[in-house]
Amino acid sequence: SLAGYKPGYHRSVRLHGDIIPDDVLIKGEFWIEEGNRLTMSVHHLNEDTASLYIDKINQFQPEYIHAYPSALSLLASYIELMSLRLRTKVKTLFTDSETTYPWQKELFIRVFNADIFNIYGHTEGAVMGVTFPGSSFLNILPQVGYMELIDTSLNPIINSESIWSCIKSTWVSN
């Protein structure tokens, strides 16, 4: 578990590129409840629907939000610009799949006042890293795989200004 949360055991909102079924969208709902997870459509979040999203989040009362930084920025911007009120305390934000920029982090802190964990990973699953609240440093999790940063001569990198490659191997095999 990361930050004390185990997926499926805690109420959460997922704001990724998930597709919401047409029979749900026809009802004017842009989300589906899947046990303790509220999966919300990024594609339908706009100025006309933002208040509906906030109402649903308030009703669902999640402990954390897991989102693309761009999607969470959109939601946070509507909350701020439209003076919407988030009545539930979201304790933690997990962002992944995109870079979380400093201006986004500032927006998230201002709007949600929550701990932020930015997660780095890739499809192959050989490396996973996470930033922890109050830091922008990426901590590589050794439980997932092994990683080395090497320069063009295959030596470990000495400074961040050199040209380097990331060599990785997963602990997981089929």
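What comes next is a walk through the structure. (Residues numbered from 1 in each chain as written. Predicted model: local features only at pLDDT ≥ 70, side-chain atom pairs only at ≥ 80, totals over all residues. Heavy atoms only, no water.)

### Quick word on helix 3 (residues 69-81)
Part 1: For helix 3, with 13 residues, the first-to-last C-alpha span of 18 Å sits near the 18 Å given by 1.5 Å per residue.
Part 2: Residues of helix 3 that are buried: P69, A71, L72, S73, L75, A76, Y78 and I79.
Part 3: In this structure, the buried side of helix 3 is in contact with strand 1 (12-16), helix 2 (50-60), strand 4 (64-67), strand 5 (92-96) and helix 4 (102-112).
Part 4: Of the residues trailing helix 3, S83 is marked for its positive phi of about 55°. (Helix = DSSP H or I, 4+ residues; strand = E, 2+ residues; numbered from the N terminus. Expected span 1.5 Å × (residues − 1). Buried < 20%, exposed > 50% of the residue type's maximum accessible area, 1.4 Å probe, protein only. Contact = heavy atoms within 4.5 Å.)

### What about helix 2?
Part 1: All of the buried residues along helix 2 are A50, Y53, I54, K56, I57, N58 and F60.
Part 2: Those residues of helix 2 hidden inside the fold are in contact with strand 1, strand 2 (31-34), strand 3 (37-41) and helix 3.
Part 3: Taken from the residues just after helix 2, Q61 is the one with a positive phi, measuring 55°.

### Observations concerning the side chain of T100
Part 1: Its place among the elements puts T100 in the loop between strand 5 and helix 4.
Part 2: Among the polar contacts listed, one links the side chain of T100 to the side chain of T95, at a separation of 2.9 Å.
Part 3: Only 3.0 Å separates the side chain of T100 from the side chain of N118, close enough to count as a polar contact.
Part 4: Sequence-distant contacts of T100, that is, excluding residues within four places in its chain, are made with P69, T95, K105, F108 and N118. (Polar contact = N/O pair within 3.5 Å; in protein donor to acceptor, adjacent residues only side chain to side chain.)

### So, the packing of helix 2 against helix 3
Part 1: Orientation of helix 2 relative to helix 3, taken along the N-to-C sense of each, is 100°, at an axis distance of 10 Å. Between helix 2 and helix 3, the interaxial angle falls into the category roughly perpendicular. Residues A50, Y53, I54 and I57 of helix 2 lie in contact with helix 3, whose contacting residues are L75, Y78 and I79. (Axes fitted to C-alpha atoms, helices over the stretch in contact; angles between N-to-C directions. Parallel < 35°, antiparallel > 145°, perpendicular 65-115°, else oblique.)

Fair warning: the whole summary comes from geometry, so function is off the table for now.
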